[in-house]
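Per-entry structural report
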Amino acid sequence: MYTFDDVAGNKNIVKYLRNIINGQKIPHAFIIDGAGGAGKTFISDIFAKALQCEGHGPKPCLNCVSCKAFDNKNHPDVFYIGLQDKKTIGVDEIRTNINKPVSIKPYRGKYKVFLIDDADKLTVQAQNALLKTIEEPPAYAVFIFMSENYKMFLPTVLSRCVLLKLKPLPESEIKQYLEFKKSVPEASAGAAAFYSEGSIGKALDFINDDFVRGMRGKVTSFLSGFRDKDLLGLFASVKLFEEYKPNIKEVLDFMYAWFRDVLVFKETKDADFVLDKENLVIIQREAFLYPKNKLYNILDAIDRARYCFYYNSNFNLTVEVMLIAMME
């Protein structure tokens, strides 16, 4: 039940989409590109819903039969294509789910809209199978490709699409969105905005996603007891990192921010500068117990590990070297 008014940031893209709907000059193919959680699906859905809206205004009315059908995921003229537990989107999916149904006129709406998620995972063969369709599409066809890396598209495909690149949002804007749009308490909103890397989706996961919350809880428990561990205990902790191996970047970012908070409070004695206010009492306690040079060493060790993982270093060895360096 969302409209363009609910989109955070990227106002130039929202304005463009509203204008082309209002002017009824709709290009046939779009690539909406941005990092994970940047809002690609959100914006694409609102745009598709507005195209099909029976009110024919610059934003969906939410009340017509078409809008209600869209919100219930059963609009007959809107098609969703994605990975479906595969690593790529192959030529068979394109032929079956796009090339074949696109030839049939819309059942209810003015347009037949195809929403292709993870479109940068289209194989070369799949893109070539799409090419003729997007070169000479029926007047009613609109294709919306969502991607995290538009450079994976063939130049022949890319040249036939309108490219809309979503930008990371400022931390302050995400914090404001969480507080006023999602009623998130200020303390949680500030921490979520910091960890979000400019992504509303990541910020919401930080607050609401059970997996992310569980990961934060286990890592917090590890960090709050870090000073009392001996080398044997630290090596046993490698299992924690193995558990979250696919999310190691997020784990290390959280660790870095934790010790950053400890160092900042140690230097300033000002809780306003602490990001993780949910754990403020523990952070204040740790700040009095750690020497300043130790905190700098720990931050440097975590940063080196992040660098190593960026270049696909051996997982266990990198974690062990990091833990040893953190103890020095």
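Read on for an overview of the structure.

Conventions adopted
- Residues numbered from 1 in each chain as written.
- Predicted model: local features only at pLDDT ≥ 70, side-chain atom pairs only at ≥ 80, totals over all residues.
- Heavy atoms only, no water.
- Pairing = 2+ DSSP bridges.
- Helix = DSSP H or I, 4+ residues; strand = E, 2+ residues; numbered from the N terminus.
- Axes fitted to C-alpha atoms, helices over the stretch in contact; angles between N-to-C directions.
- Contact = heavy atoms within 4.5 Å.
- Salt bridge = Lys/Arg side-chain N within 4 Å of Asp/Glu carboxyl O.
- Buried < 20%, exposed > 50% of the residue type's maximum accessible area, 1.4 Å probe, protein only.
- Phe/Tyr/Trp six-rings, centres within 6.5 Å; stacked < 30°, edge-to-face > 60°.
- Disulfide = S-S within 2.5 Å.
- Parallel < 35°, antiparallel > 145°, perpendicular 65-115°, else oblique.
- Left-handed = near helix turned anticlockwise from the far one by under 90°.
- Nonpolar A, V, L, I, M, F, W, Y, C, P; charged D, E, K, R; others polar.
- Polar contact = N/O pair within 3.5 Å; in protein donor to acceptor, adjacent residues only side chain to side chain.
- Patch = residues over 30% accessible without salt bridge, like charges linked within 9 Å, V, L, I, M, F, W, Y side chains within 5 Å.
- Areas by Shrake-Rupley, 256 points an atom, 1.4 Å probe, with all protein chains shown as cover.
- Right-handed = clockwise from strand over helix to strand, strands pointing away.

Let us now look at the sheet that holds strand β1 (residues 29–33). Across the sheet, which stays open at both edges, the 5 strands sit in the order β2-β3-β4-β1-β5 with parallel pairing between neighbours. The two strands at the open ends of the sheet, each matched to only one other strand, are β2 (78–81) and β5 (162–165). Here the strands of the sheet are splayed against their neighbours by 15 degrees on average, with no regard to which way each runs. Relative to β5, β1 is paired through 4 bridges, and the arrangement is parallel. When the sheet's bridge partners are listed, Ile31 is paired in β5 with Leu163. In this fold helix α2 (residues 40–52) packs onto β1, β2, β3 (112–116) and β4 (141–147), with an angle of close to 170 degrees to the strand it touches most, β4.

Another point: the pattern of salt bridges. For the structure on display, the rule yields 22 salt bridges. Measuring nitrogen to oxygen at the nearest pair gives 2.5 Å for the salt bridge that ties Asp5 to Arg18. Taken as a pair, Asp5 in the segment before α1 (11–23) and Arg18 in helix α1 lie far apart in primary sequence, 13 residues in all. On the basis of relative accessibility, which here comes to 39%, the residue Asp5 falls in the partly exposed class. According to the relative accessible area criterion, Arg18 is partly exposed, its value standing at 23%. Across the pair Lys49 and Asp71 runs a salt bridge whose closest N-O atoms are separated by 2.8 Å. In this pair, Lys49 sits in helix α2 while Asp71 sits in helix α3 (residues 65–71), placing the two residues 22 residues apart along the sequence. Owing to a relative accessible area of 3%, Lys49 belongs among the buried residues under this scheme. Overall, Asp71 belongs to the partly exposed group, its relative accessible area being 24%.

All right, on to the packing of aromatic side chains then. Summed over the entire model, instances satisfying the criterion amount to 15 aromatic pairs. Summarising the aromatic geometry, the rings of Phe145 and Phe153 are spaced 6.1 Å apart at their centres and angled 65 degrees between planes, so their arrangement reads as edge-to-face. Side by side, Phe145 and Phe153 carry an identical accessibility label, which is buried. Consider the rings of Phe211 and Tyr244, whose centres lie 5.6 Å apart with planes at 65 degrees: the pair is edge-to-face.

By the definition in use, this model includes 0 disulfides. The thiol of Cys53 is not disulfide-bonded; the next cysteine sulfur, from Cys61, is found 3.5 Å away. Residue Cys53 is classed as buried on the basis of its relative accessible area, which comes to 1%.

Let's shift gears to the packing of α1 against α2. Relative to each other, α1 and α2 sit at 15 degrees, their axes nearing to 11 Å. The angle between α1 and α2 places the two elements in the roughly parallel class. As for how α1 packs across α2, the hand of that crossing is right-handed. Here Leu17, Ile20 and Ile21 of α1 lie close against α2, whose contacting residues are Ile43, Phe47, Ala50 and Leu51. Per-class residue counts for the contact of α1 with α2 are 7 nonpolar, no polar and no charged.

Relative to the helices and strands, Lys269 is located in the loop between α13 (248–268) and α14 (280–289). On the basis of relative accessibility, which here comes to 49%, the residue Lys269 falls in the partly exposed class. Residues Lys269 and Val14 lie 255 residues apart in sequence; the distance between their C-alpha atoms is 43 Å. Polar side-chain contacts of Lys269 include one of 2.5 Å to the backbone oxygen of Lys266.

Before going further, it helps to spend a moment on a nonpolar patch on the surface. A contiguous nonpolar surface patch, about 310 Å² in accessible area, is contributed by Leu231, Phe235, Ile324 and Met327. Of all elements in the fold, only α11 (231–236) and α16 (315–327) reach the threshold of two or more residues within the nonpolar patch. Assignment of secondary structure puts Met327 in helix α16. Since its relative accessible area comes to 31%, Met327 is described here as partly exposed.

Positioned with a positive phi, Asn10 is a non-glycine residue whose angle comes to about 50 degrees. As for its position among the elements, Asn10 is in the segment before α1. You will see that Lys269, though not glycine, has its phi angle at about 60 degrees, which is positive.

A separate point is the side chain of Asp45. Topologically, Asp45 is positioned in helix α2. Residue Asp45 is classed as buried on the basis of its relative accessible area of 15%. Ignoring any residue separated from it by four or fewer positions in sequence, one finds Asp45 in contact with Phe70, Lys73, Tyr80 and Leu115.

Counting buried positions along β4 gives 7 out of 7 residues, so the element sits mostly inside the fold. Pairing of β1 with β4, which is carried by 5 bridges, proceeds in the parallel orientation. Each bridged residue has a counterpart across the sheet, and for Asp33 the counterpart in β4 is Ser147. Judged from the 5 bridges that link them, β3 and β4 form a sheet pairing that is parallel. By the bridge assignment for β4, Leu115 is matched with Ile144. For the segment spanning β3, helix α5 (residues 124–135) and β4, crossover handedness is right-handed.

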